[in-house]
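So the chains spell out like this:
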Amino acid sequence: MGTKKTVSVLGLGRMGGALARALVDKGYEVTVWNRSEDKPTPPNTTRVSTPEEAFKSDVVITCLSTYEAQQPLLTNDIKTLVNLTSGTPEQARNTAQWAESNGVEYVDGVIMAVPQQIGTPQARILFSGNENHYVLDAFGEPVHVGEDAGLAALYDLALLGLMWAAFGGYLQAVALMGSAGIAPERFTPMAVSWLNEMTTLLPEMGEETQSRQYETEVSALDINVAGLRMLTEAGREQGLDTTLPQALHDLFERAQRNGHGAHSIASVIEEIRK
Ligand SMILES: NC(=O)c1ccc[n+]([C@@H]2O[C@H](COP(=O)([O-])OP(=O)(O)OC[C@H]3O[C@@H](n4cnc5c(N)ncnc54)[C@H](OP(=O)(O)O)[C@@H]3O)[C@@H](O)[C@H]2O)c1
C-alpha cells in the first residue's frame, strides 16, 4: 500500500523522453531503454542496455515508432505492458491477444498530444481494453474508450485523419493564395474562423450519415462537385500540385454519378462505406 509501481519506458524518442520525464515528475522510479545510445537519458532515470533489464519493472511502457519496431522486443517476462506505440486496431488486438496468451497484463493507449503537452491536463490519453489505466494519469487525462483493445487505435487514426485532411486542405489553400502573392499571415485568420464555422455543421452531418436521409435545402452535392472541379482547375492554372482537390473531386463525383447529386455532402459517405 502506498508504494508506487516501478516503471520502464522503452523508446526515448520525442514522445518516449517526455513520458519518462513526466513519470519522474510524478515520483515514479523510472528505468529507460533505447535502441541507440545517442538519445539523452532523462534526468533521474536509470538507463539499461537491454529491454530484458527494463522488464523487471512493474509496468513497461512502450513508445517506439511502429509496432514492427516493438514486436520483436516483447517477451513474457513483462508483467504489465502499457502500449503507447501508434498502430492499427488490428495490430492492437493482436498484441492484446499475444499478451493474454502470455500472461502479460495489457492496456492499449494512444496519445492525443504533442510531447510538450505531456504531464499537463491538455494531454488526452485514450485507452481501451483493460479498464485499469495503471500509470497513464501521469501523462495527462486518461479516457477509456471501450472494451475492444483496438478502439483506442481506431479513435487515434480517425482523429488524425481529420487533422491531416484539414492540414492538407490548409496547405493547398496557402499555396493557392501564395500563387497570387497573398502571405499566410494575411490568409490564416480567415482560414481559422472559416474552419471554426464549418465544424459547427458536423453534428448535423453525422446525424445524416446515421439516418441516411440526405435531403438538403442548404447545398447539393452537384454544386460542390462543380466547386471541386474549379478548385482543381485553379490549382493547375497556377502551376500547383492538385492531388488533394482532384482526389476529393473524384470521390464526390462518384457519389454524384450514383444518384446523390441533389443530396447533401453527407451522402458521400455512401461511396466511402463501400
Ligand atoms: N511525437 C508526437 O507528437 C507523437 C504524438 C502522439 C503519438 N506519438 C507516437 O509515439 C510513438 C513514438 O513517436 P516519437 O515522436 O517519440 O518518435 P521518434 O522521436 O522518431 O522516436 C522513435 C523511437 O522509436 C525507436 N525505434 C525505431 N525503430 C526501432 C527499432 N527497430 N527497434 C527499436 N527501437 C526503434 C527509436 O530508437 P532510436 O533512437 O534507436 O532510433 C526512438 O526511440 C509513435 O508511435 C508516435 O506515433 C508521437
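Rules of the game
- Residues numbered from 1 in each chain as written.
- Predicted model: local features only at pLDDT ≥ 70, side-chain atom pairs only at ≥ 80, totals over all residues.
- Heavy atoms only, no water.
- UniProt positions renumbered as here; feature names shortened; annotations may be inferred.
- Axes fitted to C-alpha atoms, helices over the stretch in contact; angles between N-to-C directions.
- Helix = DSSP H or I, 4+ residues; strand = E, 2+ residues; numbered from the N terminus.
- Parallel < 35°, antiparallel > 145°, perpendicular 65-115°, else oblique.
- Left-handed = near helix turned anticlockwise from the far one by under 90°.
- Contact = heavy atoms within 4.5 Å.
- Nonpolar A, V, L, I, M, F, W, Y, C, P; charged D, E, K, R; others polar.
- Buried < 20%, exposed > 50% of the residue type's maximum accessible area, 1.4 Å probe, protein only.
- Polar contact = N/O pair within 3.5 Å; in protein donor to acceptor, adjacent residues only side chain to side chain.

- Going by what an unreviewed UniProt entry lists, the protein chain is known as 3-hydroxyisobutyrate dehydrogenase and is assigned to Lentzea jiangxiensis.
- In its Sequence similarities (unreviewed entry) section, UniProt records this for the protein chain: "Belongs to the HIBADH-related family."

1. Comments concerning the packing of helix α8 (residues 221-237) against helix α9 (residues 243-260)
Axes are the key here: two packed helices are described by the angle between their axes and the distance separating the axes.
And step 1. Following both chains from N to C, one finds α8 and α9 inclined at 155 degrees, their axes separated by 9 Å at the closest point. Classified by the angle their axes make, α8 and α9 are roughly antiparallel. Every pair of crossing elements has a handedness; the one defined by α8 and α9 is left-handed. Each of L221, D222, N224, V225, L228, R229, L231, T232 and R236 in α8 lies in contact with α9, whose residues at this interface are P245, Q246, L248, H249, F252, E253, A255, Q256 and H260.
And step 2. In the contact of α8 with α9, the residues fall into eight nonpolar, six polar and four charged.

2. Digging into the environment of Y214
And step 1. Assignment of secondary structure puts Y214 in the loop between α7 (202-211) and α8.
And step 2. Residue Y214 is classed as buried on the basis of its relative accessible area, which comes to 3%.
And step 3. Spatially, the C-alpha atom of Y214 lies 8.1 Å from that of I265, the residues being 51 residues apart in sequence.
And step 4. What Y214 contacts, discounting residues up to four positions off in sequence, is E208, T209, H260, H263, S264, A266, S267, I269, E270 and R273.
And step 5. Looking at Y214, its side chain comes within polar contact range of the side chain of E270, at 2.6 Å.

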